[in-house]
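Descriptive analysis of the structure
Each chain is listed here by its residues.
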Amino acid sequence: MATSNLRRPAGRVVAGLIGLLVGVTTIGAPASADGRSGPLVDVIVRADSGRDSGRVEAAIRQVGGTVDGSLPLISAFSATVPSEALAGLRATRGVAEVTADGSVRMKADKWIDDGGTNITVPAVKKAAGGKKKDSTVDTASLTGAGIGVALIDSGVAPVTGLNQPGKVVNGPDLSFESQTPGLANIDTYGHGTHMAGIIAGSDPAGASGSTGFEGIAPGAKLISLKVAAADGAADVSQVVAAIDWAVQHRNDPGLNIRVLNLSFGTDSIQDEKLDPLSYAVEAAWKNGIVVVVAVGNDGPTATRVTMPAANPYVIAVGAADPNGTDVRTDDKVATFSTRGSATRHADLLAAGRSVVSLRVPGSYIDTTYPGARVADAAGTVRFFRGSGTSQATAVISGSVALLLQQRPGLNPDQVKKLLVQTADPLSGADPIAAGAGQLDIAEAATVSIPMNATQTFTAATGLGTLERARGSSHVVDAATGVTLAGEKDIFGAPWAPATWTAAAKNGRAWTGGTWNGRVWTGTAFTGTSWASLTWSPVIWTSPTWTGRSWTGGTWTGRSWTGGTWTGRSWTGRSWT
């Protein structure tokens, strides 16, 4: 599998995905504990089945390694082993694969969120006016019914609240885990499910013996596009392919994709008018999809939002700290929310600190940060709390679904204008970091449709490079140590921006299961999921890049403190 260096929409990172890491340090050691020579390496060791877990754990110790944690959802262990022992460990009976884990660890720094009082999604919705019903407005009756929200993330697990028929449709799994039996479309990390719960979770009180859970838009449909694995690795080409798929299939029967949630970004080193990721979201916007993107978690000194939030057309979202209440007199800009600049900053804020959503038992974040688990009123530990502009982005995406249910004729520019002009200014806040203020669903649902909402920014060309779009975030072939760099996608296929931009602009970048000249996925639809396809080893191999052993690198979840996940770091830097 592959390691990766990505950036969080909110931070800096060393090895990961398009993630959200802000402070990480590389881990290394000169020699193993049993005297073996050679450096120690961080790996994920997956067993053939749960029955083999004991044998695999013992094998790790026998080669001089240490077991750092258990990942029961995928029958695996995170471990540190001598590099010279890797071949023997891979050959051990019961071991399915040994892949490099992201060699990063979270580093406490001044931007790490230190927890805070938990706040439920219904409380967030109430504070934003989403449960109001009087003579002037009725947002309490809005559920997002009939609206499809595409979620590009780590997948969605079929936990209670997201497992009812028709709630989640799985688009093609474009992650490196799509090639592992039993893991296609499954959220082995836990981030995507947390976002999905905030956007559209629906578990009425009393169902399944629980006390219930409700997202911002419980009647909306989720279209899950998985791009990240249990350790978070993904290349920018996978994310662009996922955006293109959502645009092309937006009008498929039963989907009606009107909203696209992107809780990540990269530290791209090129102008947003040139960046391919920026061009992809602008194409989605101009094809009628409201694109909601996190600005990142780099805090009040950061002058650049991450890509693609830098694109001026999309809705760039910052995070507010609600202090655990459903009133706004004590709210402030969250300390981790990226400030940006006078030229580009958050358009508006939504609650993003210590938000409680759905948990994936056995996922990476669940097993690594057990202190973030939250019990319901009946004592069942089915929730998880997290902080970040990721969570705030999910709140806005669900709210957009409500507005589109109420007024389905709204176009993306009108939706953005409504949200920005009706936002509640945050008293005493930095006007750049706070943008227009906090989300006000009730006011946005009340005012007239703006007639002069059309945005006229200079159009993006998308003719920049994939390499500059990656910034410092790269995936690495764990078998060879080769970094995926330059103008090629994960299959080594050459990137031709002039050809791609013309197709993406018209929503035709995919031909069946083929994108950028290579077959990425199957074309059959089962009614709930698109068929996966085995990736050819020949396609993966090229003179400078072999992707035959991807680990997916490193979603480190960046800043957990006091049991609270801030979600700032899909290893690498980009998952807000």
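That block above? That's the structure.
From a predicted model like this one, the values you see are computed outputs, not experimental measurements.

**A short note on the overall build of the protein**
- Assigned secondary structure in the protein consists of 14 helices and 27 strands.
- The burial tally for the protein puts 62% of its 576 residues in the buried class.
- Total accessible area on the protein stands at roughly 18900 Å², and carbon and sulfur atoms take up 54% of it.

**So, the packing of aromatic side chains**
- This structure, assessed with the given rule, holds eight aromatic pairs.
- Arranged with centres 5.5 Å apart and planes meeting at 40°, the rings of Phe213 and Phe383 form a pair that is tilted. Taken together, the residues span a long stretch of sequence, with Phe213 in strand S12 (residues 213-214) and Phe383 in strand S21 (residues 381-386) at a distance of 170 residues.
- The class for Phe213 is buried, based on a relative accessible area of 8%.
- Residue classification places Phe383 among the buried positions, given a relative accessible area of 8%.
- An aromatic cluster is present here, built from Tyr279, Phe491, Trp495, Trp500, Trp515 and Trp520 joined pairwise through their rings.

**Comments concerning the side chain of Asn170**
- By secondary structure assignment, the location of Asn170 is in strand S10 (residues 168-170).
- Judged by its relative accessible area of 14%, Asn170 falls in the buried class.
- In contact with Asn170, not counting residues within four places along its chain, are Asn185, Ser224, Thr528, Ser529 and Trp530.

**Brief notes about the pairing of S21**
- Counting buried positions along S21 gives five out of six residues, so the element sits mostly inside the fold.
- With four bridges connecting them, strand S19 (residues 355-358) and S21 associate as antiparallel partners. Counted as the bridge partner of Ser357 is Phe384 from S21.
- Pairing of strand S20 (residues 373-375) with S21, which is carried by three bridges, proceeds in the antiparallel orientation. What sits directly across from Ala375, in S21, is Val381.
- The loop that links S20 with its antiparallel partner S21 comprises five residues; one of these, Gly379, has a positive phi angle of about 90°.

**Let's talk about the sheet that holds strand S23 (residues 510-511)**
- A sheet is described by the order of its strands in space; here three strands give the open sequence S23-S24-S25, paired in antiparallel fashion. This sheet does not close on itself; its edge strands, each paired only once, are S23 and strand S25 (518-519).

**With respect to the environment of Thr368**
- Looking at the element boundaries, Thr368 is found in helix H7 (residues 364-368).
- For Thr368 and Gly69, which are 299 residues apart along the polypeptide, the C-alpha to C-alpha distance reads 7.3 Å.
- In this structure the side chain of Thr368 is engaged in a polar contact, spanning 2.7 Å, whose partner is the backbone oxygen of Tyr364.

**Topic: the nonpolar core**
- Of all hydrophobic cores here, the largest spans 123 residues; its most connected members are Ile152, Ile243, Val291, Ile396 and Leu419.
- Those residues in contact with Ile396 that sit more than four places away from it in its chain are Val292, Ile315, Val317, Leu348, Leu349, Ala350, Leu419 and Leu439.
- Core analysis: the second largest hydrophobic core is formed by 15 residues, Ala59, Val63, Ala79 and Val95 among them.

**Regarding the environment of Arg304**
- Structurally, Arg304 can be placed in the loop between strand S15 (290-294) and strand S16 (315-321).
- Along the primary structure Arg304 and Thr338 are separated by 34 residues, whereas in three dimensions their C-alpha atoms are 7.6 Å apart.
- Excluding residues that lie within four positions of it along the chain, Arg304 makes contacts with Ser268, Thr338 and Gly340.
- Engagement of the side chain of Arg304 in a polar contact is seen with the backbone oxygen of Ser268, the distance being 2.9 Å.

**Observations regarding the pairing of S16**
- S16 sits mainly inside the fold: seven of its seven residues count as buried.
- Taking every second residue as pointing to the same face, both faces of S16 are buried, with Ile315, Val317, Ala319 and Asp321 on one and Ala316, Gly318 and Ala320 on the other.
- Direction of pairing for S16 relative to strand S18 (residues 348-351): parallel, over a ladder of four bridges. Paired with Val317 across the strands is Leu348, a residue of S18.
- Bridge count for S16 against strand S17 (residues 332-333) is two bridges, and the pairing is antiparallel. In the strand pairing of S17, Ala320 is matched with Val333.

**Quick notes on the side chain of His249**
- Of note, His249 is situated in the loop between helix H5 (236-248) and strand S14 (257-262).
- Residue classification places His249 among the buried residues on the basis of a relative accessible area of 14%.
- Other than its neighbours up to four places away in sequence, His249 contacts Leu255, Ile257 and Trp530.

**Let's talk about unusual backbone geometry**
- That bond from Met307 to Pro308 is cis: its omega, 20°, falls within 30 degrees of zero.
- Mapping Pro308 onto the fold places it in the loop between S15 and S16.
- For Asn185, which is not glycine, the phi torsion reads 70° and is therefore positive.
- Note on placement: Asn185 falls in the loop between S10 and helix H4 (191-200).
- Exposure remark for Asn185: the relative accessible area of 9% places this residue in the buried category.
- Even without glycine at this site, Ser354 takes up a positive phi of about 55°.
- The topology assignment puts Ser354 in the loop between S18 and S19.
- Ser354 sits in the buried class, given a relative accessible area of 0%.

Criteria and thresholds
- Residues numbered from 1 in each chain as written.
- Predicted model: local features only at pLDDT ≥ 70, side-chain atom pairs only at ≥ 80, totals over all residues.
- Heavy atoms only, no water.
- Helix = DSSP H or I, 4+ residues; strand = E, 2+ residues; numbered from the N terminus.
- Buried < 20%, exposed > 50% of the residue type's maximum accessible area, 1.4 Å probe, protein only.
- Areas by Shrake-Rupley, 256 points an atom, 1.4 Å probe, with all protein chains shown as cover.
- Phe/Tyr/Trp six-rings, centres within 6.5 Å; stacked < 30°, edge-to-face > 60°.
- Contact = heavy atoms within 4.5 Å.
- Pairing = 2+ DSSP bridges.
- Polar contact = N/O pair within 3.5 Å; in protein donor to acceptor, adjacent residues only side chain to side chain.
- Core = buried A, V, L, I, M, F, W, Y, C linked by side-chain atoms within 4.5 Å.

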